[in-house]
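# Structural features, examined
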Amino acid sequence: MRAIIKHMNSRLWREYAPIIWAVLLSAIYLFLLAKTPFLTPGYLRSSDFFLRYRHNYSLPPDISKKVVIVNIDQSSFIKMQQRWPFNRKLYADFLNNISGPNSQPLAVAIDIAFFGKSEIPENDTALQEALRKTNNVILGTFLGPKNNIIMPESMFVEAVNSVGFVSYPRDIDFVIRRVRPFVISENDNKSHYCFILQIASSTLGLDLNQAYYDKNTQLLKLPLPKQQKKDISIPVDYKTKTMRINYFAIPEDFRTVPFWKVTSGLEPLETFKDKIVLLGTATEILHDMHPTPLGLMSGLFINANFLTTVLLQRFLNDSPLPMNFLIFIFFAGLIAFIIYRYGSWKGTIFSVLVITAGFYATMLCITKDIFFDFFGLCFVTISSLISVTIFKRLSIIFENTRLNKMAITDPLTGLFILRYFQLKLSSEIRIAQEIKTPLSLVIFEIDKFDTINNLDGYQAGDEVLKNVALILKRNSRPSDIVSRTEGVQLSVILTNTNLTGAKMYAEKIRKITETSSMDWRDKILSITVSGGVSSLALPNTATAEKLIQSAQKLLKEASLAGGNKIGAATP
């Protein structure tokens, strides 16, 4: 404890402790706590908040105007009076209606899995023919247990441009924030690309066979045609093989057309001209509603947001870890310094300013598609504020404890001083009398101490005094009060100890001291003590003054008898 108090109150500690603590706190958060189930939801919801904030105060990107959603919604079920799954002839009618000479969509992406054959073969044939006639059709499907793509019916696969899987893993709070852009099948060890990348490939002229993943930079490289200046680089986490979806729009922000309206020929063909048409379901009847950062959304509109992310090449990146580390260290250290130097109130005010500045800085970053860990900044800032405040209070308590102990402790021997001994003796006598327990007092004195001082010097006398004090401390109970009362007199208040026990204790100390010796400048000094033992149970010892007088009288008798003796009253 002494070492702790000494370090906490040293000038060097006060100067460097805030910096050391800031480094430790930032490292603990970034490398240990940030990915734990306890703090991860806070980080995720923080990122959701800033995406919602950006959406509320900015317009959706223009690219959303190039995407048309054809929605199999509740109204389509009512108007068409169809059960799920729909008759495949309806999809053929849909494709035939939007692929006329006045329409010509840029691509048609159908997020509906056509598995197996229908009961009416003519319907399958009609759909196959419509798929062949429609330019640039991409079918969606899903993954099997070994990352193999479960392919639709072969007659439909042969009639379309490509097939891509749809896979949106959920975070710990079940919100969809990420997507798997590619997987490597365990069956054939080949890379297979997701539904949206297949759409982007067909519209941007990408060759996915030339795509590759660089695990060092954690980027998925998609080579563009030679006339393009720069390839597409998608940040993909190496461990999870997922990327963030940069949510720009809610369903209301997209141009949406009900499926029944298109199949009935009621929607103008110009709606689809040079557009990417996404067809899918968006109804609670089919349980296709999922939590996202911008609220509940069907898989169809999650696809639309992911497609917007890829076409705009606006991928959401986390701010670099080294930059976060330095920022956290700087502000945590500065807050710790302010609290330690100027007090908690100023540290609190500065913490509020840091959090406010961090909020606006994060808003600025999110507009540049960079997410700064605002939650981490808040955590480190508040943790630094609380912990350093507690640390400072504890240091004050330790310092007060040290000062209090210094006030009642003899600096040479480390024993209690006379004033404390007198107060404690009166208090212990009162307690013993109230609860009727024994109490004894032993006063020791070092024999021939003046001779040691005269022959060997005062320094030798001090060392002898310290050695005897150490013997008393080592051989006394924690409840006993050991004090230096006068010069070379050392007194011990023995709580809950009768006269017999006090005699045994005093005799034990005498023998230990007698058998001990001290080396002093090539000389061995023999040390003995005399003692006087008195007990509260004896006559005329009911007060502290009388108990001390009784013990001192017996001590004097032992010293006059030649020393190295214990004088004790008889009951």
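Up top is the structure.
Keep in mind that what you see is a predicted model, and the values were worked out from it rather than measured. Throughout this document, residue positions are counted from 1 along each chain, in the order its sequence is written. Local features are withheld for residues below a pLDDT of 70 in this predicted model, meaning they are given only at 70 or higher, and side-chain atom pairs are given and counted only at 80 or more; totals for whole chains, interfaces and linings count all residues. Side-chain figures throughout are based on the complete set of non-hydrogen atoms in the structure, without hydrogens or water.

On to the pattern of salt bridges. Just to be clear on terms, a salt bridge is a Lys or Arg side-chain nitrogen sitting within 4 Å of an Asp or Glu carboxyl oxygen. For the structure shown, the criterion picks out 18 salt bridges. With its nearest N and O atoms 2.6 Å apart, the salt bridge here joins aspartate 48 to arginine 177. In this pair, aspartate 48 is assigned in helix H3 (residues 40–56) and arginine 177 in the loop between strand E5 (162–165) and strand E6 (178–179), connecting sequence segments 129 residues apart. The buried label applies to any residue whose accessible area, calculated with a 1.4 Å probe on protein chains only, is under 20% of its type's maximum; exposed applies above 50%, and partly exposed to all values in between. Note on aspartate 48: relative accessible area 5%, which makes it buried. Judged by its relative accessible area of 4%, arginine 177 falls in the buried class. The salt bridge partner of glutamate 428 is lysine 424, with a shortest N-O separation of 4.0 Å. Taken together, the residues glutamate 428 and lysine 424, both in helix H14 (residues 418–435) and 4 residues apart, mark about one turn of the helix. Numbering of helices and strands runs from the N terminus, with a helix taken as a DSSP run of H or I at least four residues long and a strand as a DSSP run of E at least two residues long.

This part takes up the nonpolar core. Within the largest apolar cluster, 61 residues are counted, with the highest numbers of intra-cluster contacts made by Ile196, Ile199, Leu220, Leu222, Ile234, Leu278 and Phe306. In terms of residue count, helix H10 (residues 299–312) provides more of this core than any other element does, 8 residues in total. Judged by nonpolar contacts, the second largest core, of 33 residues, contains Leu90, Ile98, Phe259 and Val277. By nonpolar core is meant a set of buried Ala, Val, Leu, Ile, Met, Phe, Trp, Tyr and Cys residues that side-chain atoms within 4.5 Å join together.

Attention now goes to the packing of helix H15 (residues 449–456) against helix H16 (residues 458–474). At their nearest, the axes of H15 and H16 sit 6 Å apart, and the two run at 140 degrees to each other. The angle between H15 and H16 places the two elements in the oblique class. In contact with Phe449, Ile452, Asn453 and Asp456 of H15, H16 contributes Tyr458, Ala460, Gly461 and Val464. Here the term charged refers only to Asp, Glu, Lys and Arg, the term nonpolar to Ala, Val, Leu, Ile, Met, Phe, Trp, Tyr, Cys and Pro, and the term polar to all other amino acids, Gly among them. Residue composition of the contact of H15 with H16, grouped by class: 5 nonpolar, 2 polar and 1 charged. Interaxial angles span 0 to 180 degrees and are taken between N-to-C directions of axes, which are lines fitted to C-alpha atoms, for helices over the stretch in contact. Note on terminology: angles under 35 degrees are roughly parallel, angles over 145 are roughly antiparallel, angles of 65 to 115 are roughly perpendicular, and the others are oblique. Contact criterion: two residues are considered in contact whenever any of their non-hydrogen atoms come within 4.5 Å of each other.

On to helix H8 (residues 195–204). Taking burial as the measure, the 10 residues of H8 include 8 buried ones, the bulk of the element. Listed in full, the buried residues belonging to H8 are Phe195, Ile196, Leu197, Gln198, Ile199, Ala200, Ser201 and Thr203. In the stretch just after H8, glycine 205 is the one whose phi turns positive, near 80 degrees.

Looking now at the environment of alanine 109. The residue alanine 109 is located in strand E2 (residues 107–110) in this model. Given the relative accessible area of 0%, alanine 109 is considered buried. In the structure, alanine 109 is positioned 87 residues away from alanine 22 in sequence and 52 Å away in space, judged by C-alpha atoms. Beyond its immediate chain neighbours, meaning those up to four positions away, alanine 109 contacts Ile138, Phe195, Ile199, Val277, Leu278 and Leu279.

This part is about the side chain of serine 162. Relative to the helices and strands, serine 162 is located in strand E5. Residue serine 162 is classed as buried on the basis of its relative accessible area, which comes to 12%. Polar contacts, as counted here, are pairs of nitrogen or oxygen atoms within 3.5 Å of one another; within protein the pair requires one atom able to donate a hydrogen and one able to accept it, and residues that are adjacent in sequence qualify only if both atoms are side-chain atoms. One polar contact links serine 162 to glutamine 198, side chain to side chain, over a distance of 3.5 Å. Among all residues touching serine 162, those that are not within four sequence positions of it are Val137, Ile138, Leu139 and Gln198.

Our focus in this paragraph is the packing of H14 against helix H18 (residues 544–560). Following both chains from N to C, one finds H14 and H18 inclined at 110 degrees, their axes separated by 9 Å at the closest point. With respect to each other, H14 and H18 are oriented roughly perpendicular. Across from Phe421, Leu425, Ser426 and Ile429 in H14, the residues of H18 making contact are Ala544, Leu547 and Ile548. Tallied by class, residues from the contact of H14 with H18 come to 6 nonpolar, 1 polar and no charged.

For threonine 515, the location among the structural elements is in helix H17 (residues 499–515). C-alpha separation for the pair threonine 515 and proline 235, spaced 280 residues apart in sequence, amounts to 79 Å. A distance of 3.0 Å separates a polar atom in the side chain of threonine 515 from the backbone oxygen of isoleucine 512.

With that out of the way, let us pick up the sheet that holds strand E9 (residues 212–214). For two strands to count as paired, DSSP must find a minimum of two bridges between them. Strand order in the open sheet formed by 3 strands is E9-E10-E11, with antiparallel pairing between adjacent strands. Edge positions in the sheet fall to E9 and strand E11 (232–235), since each of these pairs with one other strand and no more. Sheet twist, expressed as the mean angle between neighbouring strand axes with direction ignored, is 30 degrees. In this structure, strand E10 (residues 219–222) lies alongside E11, joined through 4 bridges in antiparallel fashion. Of the residues in E11, the one forming a bridge with lysine 221 is serine 233.

Turning to a nonpolar patch on the surface, a few remarks are in order. Side chains of Tyr16, Ile19, Ile20, Val23, Leu24, Ile28, Phe31, Leu32 and Leu321 sit close together on the surface and give an oily, nonpolar patch of about 840 Å² of accessible area. Mapped onto the elements, isoleucine 20 comes out in helix H2 (residues 11–33). The exposure class of isoleucine 20 is partly exposed, given its relative accessible area of 46%. Like charges within 9 Å and nonpolar side chains (Val, Leu, Ile, Met, Phe, Trp, Tyr) within 5 Å are joined into patches, using only residues over 30% in relative accessible area that form no salt bridge. Values of accessible area rely on a 1.4 Å probe in the Shrake-Rupley scheme; residue burial ignores everything except the protein chains shown.

With that settled, consider H15. Turning to H15, its buried residues are Phe449, Ile452, Asn453 and Asp456. In an axial view of H15, the angular spread of the buried residues amounts to 105 degrees, which keeps them on one side of the axis. Seen from the buried face of H15, the exposed residues on the opposite side, beyond 90 degrees, are Asp450, Asn454 and Leu455. Structurally, H15 contributes buried residues whose contacts are with strand E19 (439–446), H16 and strand E23 (524–526). Immediately downstream of H15, the backbone of glycine 457 shows phi near 95 degrees, a positive value. Throughout, the arc means the angular range of directions from the helix axis out to the C-beta atoms.

Another point: unusual backbone geometry. For residues other than glycine, phi is negative in most cases, and the peptide bonds are mostly trans. Going from tryptophan 84 to proline 85, the amide bond is cis rather than trans, its omega being 0 degrees. Tracing the backbone shows proline 85 in the loop between helix H4 (74–80) and helix H5 (88–98). Notably, glutamine 81 is not glycine yet its phi reads approximately 50 degrees, a positive angle. For glutamine 81, the location among the structural elements is in the loop between H4 and H5. The backbone phi angle of asparagine 564 is positive, close to 55 degrees, even though this residue is not glycine. Residue position: asparagine 564 is located in the loop between H18 and strand E25 (566–568).

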